[in-house]
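# Breakdown of the fold
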Amino acid sequence: MKTLALLLAATAVLAACSERPQSVGDYRGKTDAKPYEANFGGDKAKWEAALRARNQNQNEYKRAE
Amino acid sequence: MLTLKNKAAATRRARLTRDVPMNAPETMDRRTFLKRSGIGVGVGAVAAQIGSGMMRPATAADAPASGNVEIKRTVCTHCSVGCAIDAEVRNGVWIGQEPVFDSPINLGAHCAKGASVREHGHGEMRLKYPMKLVDGKYQKISWDQALKEISEKLLAIRKEHGPDAVYWIGSSKHNNEQSYLLRKFVSFWGSNNCDHQARICHSTTVAGVANTWGYGAMTNSYNDMQNARAVFFMGSNAAEAHPVAMQHVLHAKEAGAKIIVGDPRFTRTAAKADQYFRFRSGTDIPVIWGILYHVFKNGWEDKKYIDDRVFGMDKVRAEVEKWTPDKVQEVAGVDGDTLLKVAETMAKNKPSTIVWCMGQTQHTIGNAIVRAFCCLQLALGNIGKSGGGANIFRGHDNVQGATDVGPNPDSLPGYYGIAAGAWKHWARVWGVDYEWIKGRYASEAMMTKPGITVSRWIDGVLEKNELVDQGPNLKAVVYWGMAPNSQTRGKEMIEAMKALDMLMVIDPYPSATAAMAAMARKDGVYLLPAATQFETSGSCTASNRSLQWREKVIEPLFESKPDHVIMYLLAQKFGFEQELTKNIKVTNNEPSMEDTLREINKGTWTIGYTGQSPERLKLHMKHMNTFDVKTLKAVGGPCDGDYFGLPWPCYGSPEMKHPGTPNLYDTSKHVMDGGGNFRANFGVERDGVSLLAGDGSASKDADLQFGYPEFDHVLMKKLGWWDDLSEEEKKEAEGKNWKTDLSGGIQRVVMKVHGCHPFGNAKARAVVWNFPDAVPVHREPLFSPRADMVALYPTHDDKKAFWRLPTLYKSVQEKNKDIGKEFPLVLTSGRLVEYEGGGEETRSNPWLAELQQDMFIEINPKAANDRGIRNGDDVWVKTPTGAQLKVKALVTERVDAGTCFMPYHFSGRWMGEDMLKYYPEGAHPIVRGEAANTGTTYGYDSVTMMQETKTTVCQVVRA
Amino acid sequence: MARMKFLCDSERCIECNGCVTACKNEHETPWGISRRRVVTLGDGKPGEKTISVACMHCSDAPCMAVCPTDCFYRTDEGVVLHDKDLCIGCGYCFYACPFGAPQFPQAGNFGQRGKMDKCTFCAGGPEKDGSDEEYKKYGRNRLAEGKLPLCAEMCSTKALLAGDADVISEIFRERALRRGKGGELWGWKQAYGADGAPEPAKQGGKT
């Protein structure tokens, strides 16, 4: 019962991003910059908004019902 | 099965087939097949020959990272859909290609060809400088030397044999301005011997459709297909030939439209259809009449529409009644229930539209096949309706424009024809003396006689002189942006090349013409490097009649020059450059493309190329986002009310602000909003029956709500409309009609003041009495494996002088009536999505070439097993001409057991031999293969001289 | 938080190879290397289906799990990338990948396997974003420019979708609802797990 409750809690926490815990070796390469640093001045929200807007170009229903 | 059963199984599969990502299907698909057949020899060999320069990730990375990025807006040069492209250019280097989501035509989308065009900006497999064939090898020469030698030789031929001894093959990839200038150029040279790709792609459509209802073009648009409730493809494989059109089609399908495909081959378009039926190649008319049989039988025809707007449907009905389901089954191999379902779907899901391409046009009876298809739409009342129409997909990016204003052997720009009146009209527009032009020709008779067609130039060389309907045989041929391997009878073309005095090739790409010529001859061949359309500017006309303006992306590469510069330089040598560019500004030998378009605007009243000024077109390119995708109409913004690209007819002067015509013959709209009706072009009465439209079937709010003839100064006066003209307009319009009044006054008054159509309002003709078969009837192809059908449905009688040449029908068919014994398989041809036309350009592009590395023939498993052929085997394809082609066998159920299919984009191999050594060094296509047309046979349409490529015969044997 | 995913709508894919070519164009990958491929099932027969396949940027990526040098990393947006400087070209990731995404260009004159190359979701690699170095090793970094993978942006029929999983699954869901079928999605479960939220509802269509 307790295990089930824990599982449910874990599911609730991770459901939003459909992510599952994983255990692999730690990355040993160079650190990558965040994608919103080079051209968006570190403003993550602005970058995400830009991508979200751009994504609608793949939806022709936005221009033709 | 679309999901993997488990990861382990997938991994195992992946391990087994390194080159195939995963999940290899049981029947191998084309790509897997080609990839595999390319392993070992193919890939390695190809990699070696393209050299290290091609292998490194160069170009964009090589461009210095500093400098501003400029965006140049252009249009894909690979098909008639007209997909817009934003090119990113830094320091003159084309570094990136971005989708133009704003374009209402493609909404950013591209197929493989469109997604690859940036390669034009750095590709090395180009003709880089002028060359000359010396002792069988191409040698570099200077432009000066090339122009001097070429012009001297051509002038010598002209002097000795007359102007008709030279044949000019123009290009459907020239922009409108270049196409137009070339027709003018050839006229000033003194001949009608010019032609281009349209002859062998849609000439039967243009003639058939124009003679049925007025204009020879796609009636609606790719976009308008979103409004259709049923779409019927017959002889079109849009998924490969016009992939971006499928975006609109599949969108319509999601909205509930039914998709029907009829084709001898189960195409990729068929894979997306709700209904597919196979029929025997070449029996399109029995199939269409078989469908119409059910329409009439069930009373599904639109009776009022037929009464008001169609002439002669009763005669069609009489022919259709002969095509009972049993008979259609016997001739075409399609059962009655299948066609009943097609008929019902088309009749009960209106508006319904039809699409056709080369599958219908490239036959000896192409003109009749397309008219039969038109009759189906007329019976259903679908023409002149949004969502309906005849959506005829053109091929090349500007084949529509080149047909409209380019180098046609039977017409001056704008379908004016070549009678004296047409010459006088254009002489006035050009500002040159009619008598001077006449003096350039061999005679007045030759000036008004249609020239030889591109499909037959080889006979213009080889035919006995006494049988040629012009003075000389052809002595020189100029291939100016066209592939030789798209014409049939390749084997005889080599003989024709041998017999010429001189051959000139003007092209950006290594050309099959050059290689064939070097195989056939030791000298007398010149190559001039032309720039691509990305290295110049100008307008091009998409299949839907919309014009788009291309900005120049980069400067011409290597030593290439834009086609119109080459035209001007040659005109200088011939001594008529002043006349050629009388109204056109010339800078550094380059005629202004804007001025050229203005001259087109000034003269092309017939089809409404008058309203599309360069300024209006550029405005449209800038504000693409304001146009609605389904209607193509701008809502607000600077182009408010215009249709995108001002689809012709865009009548009147640019100042009249006609918005263009999105759907032809649409009476639900006012003429000043793109409305219209069928054209009065065939008189007012026939056999005692009026040809004018019935009462109440005029365009919206027209002053004349009944049928009326076309407008001229006399009718204007009779109607009391003459005084609506300004004094200035009256002076010009006196004695003229709506096509020749250069003031545009007649068009302005008729349309703007009275809401009428300048070309009149008549009925469409289901019976085209001026064609050999007024009502379309089935005739077997000249080469048919069905002797029984040849006996029942024989072809036409031979013609003595047709487009200046004897043209054979019955004698060829008779001689070959038992050809099926030796060549039992029907051979048909078509497109691959990765390549275009003759394919030298696209096969020179490594991004595309990698995807299709081998020429192949599709053969059914039964036919293959009967011949001991396995998938991937090398086979010989033998044809009645004695040609044999060595290709790979692709065993597939796409084709039935009696039919084989070959793509027509390959060249560079000749009956088993690699032609690499015949190409200029460093300018050969990466992928080479047998040209399908090396083996194709004789056969031409009885109206337009279209070649038969879609139904001939072959035998296949293991190599 | 955006979770970047690909999704290919097999009802729309027409096997035109626009995606494959767009990728070659954007990243200038050499002859023989295709980060994306189009696969056909039942070629030439009724029911023929095609889908475009590349790295699916798995939530639980097998390549990452098996890599002996641990050169893979997963960005905050769920894009699976790798550091070519660490890659030893062993090919283990290729065996692990259910989609056959990893590729190995030929290096040198003796056909040795070069460093692994695969789809980056147009997000470059661990070099400085937008630098020449990054371009040469991994191709263009469109995500950092606020753009999405070019293959999807150029898809001829908008069959291939790329972007935030929530957004693209919504686009797909709308289409599936209109057609009343075709809710099943090739490879979605394989890459993103059976319980992943964005999987569109089944519409009772073909399976």
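Just so we're clear, the structure is a prediction, and the values are computed from it rather than from any experiment. (Residues numbered from 1 in each chain as written. Chains lettered and ligands numbered in written order. Predicted model: local features only at pLDDT ≥ 70, side-chain atom pairs only at ≥ 80, totals over all residues. Heavy atoms only, no water.)

In this section: the environment of K385 of chain B. Residues and elements named next belong to chain B. One can find K385 in the loop between α16 (366-380) and β13 (390-392). Along the sequence, K385 and T353 sit 32 residues apart, while their C-alpha atoms lie 9.4 Å from each other. If we skip the residues at most four places from it in the chain, K385 touches N220, D224, D302 and Y305. (Helix = DSSP H or I, 4+ residues; strand = E, 2+ residues; numbered from the N terminus. Contact = heavy atoms within 4.5 Å.)

Here we take up the environment of S352 of chain B. Residues and elements named next belong to chain B. Note that S352 resides in strand β12 (residues 352-356). Given a relative accessible area of 0%, S352 falls into the buried group. In terms of polar contacts, S352 uses its side chain to reach the backbone carbonyl oxygen of M346, at 2.8 Å. Of the polar contacts made by the side chain of S352, one reaches the side chain of N382; its length is 2.7 Å. (Buried < 20%, exposed > 50% of the residue type's maximum accessible area, 1.4 Å probe, protein only. Polar contact = N/O pair within 3.5 Å; in protein donor to acceptor, adjacent residues only side chain to side chain.)

Bringing the packing of aromatic side chains into the picture now. Residues and elements named next belong to chain B. In total, this model carries 40 aromatic pairs over all chains according to the counting rule given. Relative to W721, the ring of F711 lies with its centre 5.4 Å away and its plane at 15°, an arrangement referred to as stacked. Of this pair, F711 sits in the loop between β22 (689-690) and α28 (713-718) while W721 sits in the loop between α28 and α29 (727-733), and the two are ten residues apart along the sequence. Here F711 matches W721 in class, with each residue buried. Clustering of aromatic rings is evident, with ring pairs tying together W168, Y180, F185, F188, W189, Y416, W426, W430, W436, W480, F574 and F576. Taking the ring centre of Y129 as reference, the NZ or CZ of K140 above it sits at 4.5 Å. (Phe/Tyr/Trp six-rings, centres within 6.5 Å; stacked < 30°, edge-to-face > 60°. Lys NZ or Arg CZ within 6 Å of the ring centre and 35° of its normal.)

We now examine unusual backbone geometry. Peptide bonds are, in most cases, trans, and in most cases residues other than glycine have a negative phi. Residue and element names in this part refer to chain B. With an omega of 5°, the peptide bond running from K350 to P351 counts as cis. When you line up the elements, P351 lands in the loop between α14 (336-348) and β12. Residue P649 is reached from W648 by a cis peptide bond, and omega for that bond is 0°. Here P649 shows up in the loop between α27 (614-622) and β21 (685-686). Despite not being glycine, D135 has its phi angle at roughly 55°, a positive value. Checked against the element boundaries, D135 lands in the loop between β4 (131-134) and β5 (137-140). Phi is positive for L632, close to 70°, though the residue is something other than glycine. Structurally, L632 is set in the loop between α27 and β21.

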